Amino acid sequence: MKFKFSATNPSLFHANPEDWQSWQWQMRSSLKTQKDFAKYIHLTPEEELGFATDFSVRCTPYYLSLAIDKGEQDPIRKIILPTSHETLPGLQEMLDPLGEKKNNPAPRVIHRYPDRALLLVTDTCSVYCRYCTRKHFTATDQAFIKSSQYDQALSYFKSQKSIREVILSGGDPLTLGDEQLERVLSDLTSIDHIELIRIGTRMPVVCPMRITDELVLKLKKYHPVFIMTHFNHPREVTLESSQALLKFVDHGFPVFNQMVLLSGVNNHPAIVQALSRRLLSLRTKPYYMFQCDPSFGSDHLRTSVADSLEIQRELWGRLSGLAMPNLSLDIPSGGGKAGLTPNFETSRVVSADGVETRKFTGWDGVSSEYVSPPSSQIAKPIDAEVYFEEWDQLKF
Ligand code: SF4
């Protein structure tokens, strides 16, 4: 099946087409208050109470237009609008579920793994997703990093020779202007040991007009630059967002998508496959499918690990490996990522002479054994030593 994506309707906001296509207009015209949203959506009593939340509300007209006239249970509406559930105590709720404050060696730097580190360039986003995992930082009116702190962050990156990748995050880095972004990329890529930049952004989903020709031409000078998008639902893939993705890939940016499984939004294998196949057709690799972190006020959007594993098991039988996202959970309080995989192994036996036999039952119920050779028969490659120095650099 070839996919056709529909365009959104500027007339809902009485915007002229030129304004609608301007990312600055979209950001300037963002809806932030109960009164703003009530002009376009009949808010439920739970949603009205939700505006008492501590975590800011914000959305571009473009993104809200995807949820207008779609009803109270609309998946995109659940991402945008707070409800009274957000203000109630949760089963497990943390302001910093990834334990980032423990791994914060310089201003705006999060360094948990030896070979990569995050730089939180801004706290601003084009939407404040109700399940955001970084509520300790996002939407806290800090904007672009102050000059003295930026210098400290750069010095840290220079001093840490194990860092190969810097991930620009926030907030959303693409809410910054072209010049600010280019300066950051230029500074980081001039550090000898930094091989690659990733940009984590939800702008192709929420404000796709941000992906201008000028932007991609500026950023491509610093290749390899990887774009990590955050689509959660197939309805987010519109004509505008698909053009934004293609603009990136046509200019040589590998694009990967990270989604979060959310209750009542996308927690069904049919929805995940629909999103994955649409993205793949746009040369965007479905990369991660995250278990929602227990961030403060997001209990009503979380799903169970058992349900997520079942979704993954069902996908396994129908989706190509290219379209399959990796199910993963961030261990609360900063334990890093734990890959979640349905268990296909049904038995394991080791014979007296060291031969191990494992039995697997696949998604279609077919079972068979894999017999491993004993370790005495397994050779090591002769040239691993050539790469030892490189390998040893990837540690703290
Ligand atoms: S775009 Fe990302 S950082 Fe911003 S609120 Fe959504 S999840 Fe959080």
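Procedures and definitions
- Residues numbered from 1 in each chain as written.
- Predicted model: local features only at pLDDT ≥ 70, side-chain atom pairs only at ≥ 80, totals over all residues.
- Pairing = 2+ DSSP bridges.
- Helix = DSSP H or I, 4+ residues; strand = E, 2+ residues; numbered from the N terminus.
- Axes fitted to C-alpha atoms, helices over the stretch in contact; angles between N-to-C directions.
- Core = buried A, V, L, I, M, F, W, Y, C linked by C-beta atoms within 7 Å.
- Buried ≥ 20, exposed ≤ 12 C-beta atoms within 10 Å, placed from the backbone.
- Contact = placed C-beta atoms within 7 Å.
- Expected span 1.5 Å × (residues − 1).
- Arc of directions from axis to C-beta.

Q: Can you lay out the sheet that holds strand 12 (residues 367–372) for me, pointing to particular residues and giving the numbers?
A: Taken in spatial order, the three strands make up an open sheet running 10-11-12, and their pairing is antiparallel. Each edge of the sheet is formed by a strand with only one pairing partner; in this case those strands are strand 10 (345–350) and strand 12. Shown here is a sheet whose adjacent strand axes are inclined to one another by a mean of 20 degrees, direction ignored. As judged from the five bridges shared by strand 10 and strand 11 (residues 356–361), these two strands associate in the antiparallel manner. Bridge pairing links Ser347 to Lys359 in strand 11.

Q: Explain the nonpolar core to me, using residue names and the numbers behind them.
A: Nonpolar side chains in soluble globular proteins tend to be buried together. Core analysis: the biggest nonpolar cluster contains 79 residues, and Tyr63, Ile80, Leu119, Val121, Val127 and Val166 have the highest contact counts within it. Other than its neighbours up to four places away in sequence, Tyr63 contacts Ile80, Val127 and Val206.

Q: Talk me through the sheet that holds strand 7 (residues 284–291); I want residue IDs and the actual numbers.
A: Taken in spatial order, the nine strands make up an open sheet running 1-2-3-4-5-6-7-8-9, and their pairing is mixed. Among the strands making up the open sheet, the edge pair consists of strand 1 (109–113) and strand 9 (336–339). Adjacent strand axes in the sheet meet at a mean angle of 30 degrees, parallel and antiparallel pairs treated alike. Summarising the sheet, strand 6 (residues 255–261) and strand 7 pair through seven bridges and their orientation is parallel. Directly across from Met259, in strand 7, lies its bridge partner Met289. Packed onto the sheet, helix 12 (residues 269–281) meets strand 6 and strand 7 and runs at close to 150 degrees relative to strand 7.

Q: Before we move on, can you summarise helix 8 (residues 178–189) with the specific residues and values?
A: Counted at 1.5 Å a residue, the expected span for helix 8 with its twelve residues is 16 Å, and the 16 Å between its end C-alpha atoms agrees. Along helix 8, the residues classified as buried are Leu181, Val184, Leu185 and Leu188. Buried residues of helix 8 fall within an arc of 95 degrees about the axis and therefore sit on the same side. Turned more than 90 degrees away from the buried face of helix 8, the exposed residues are Glu179 and Ser186.

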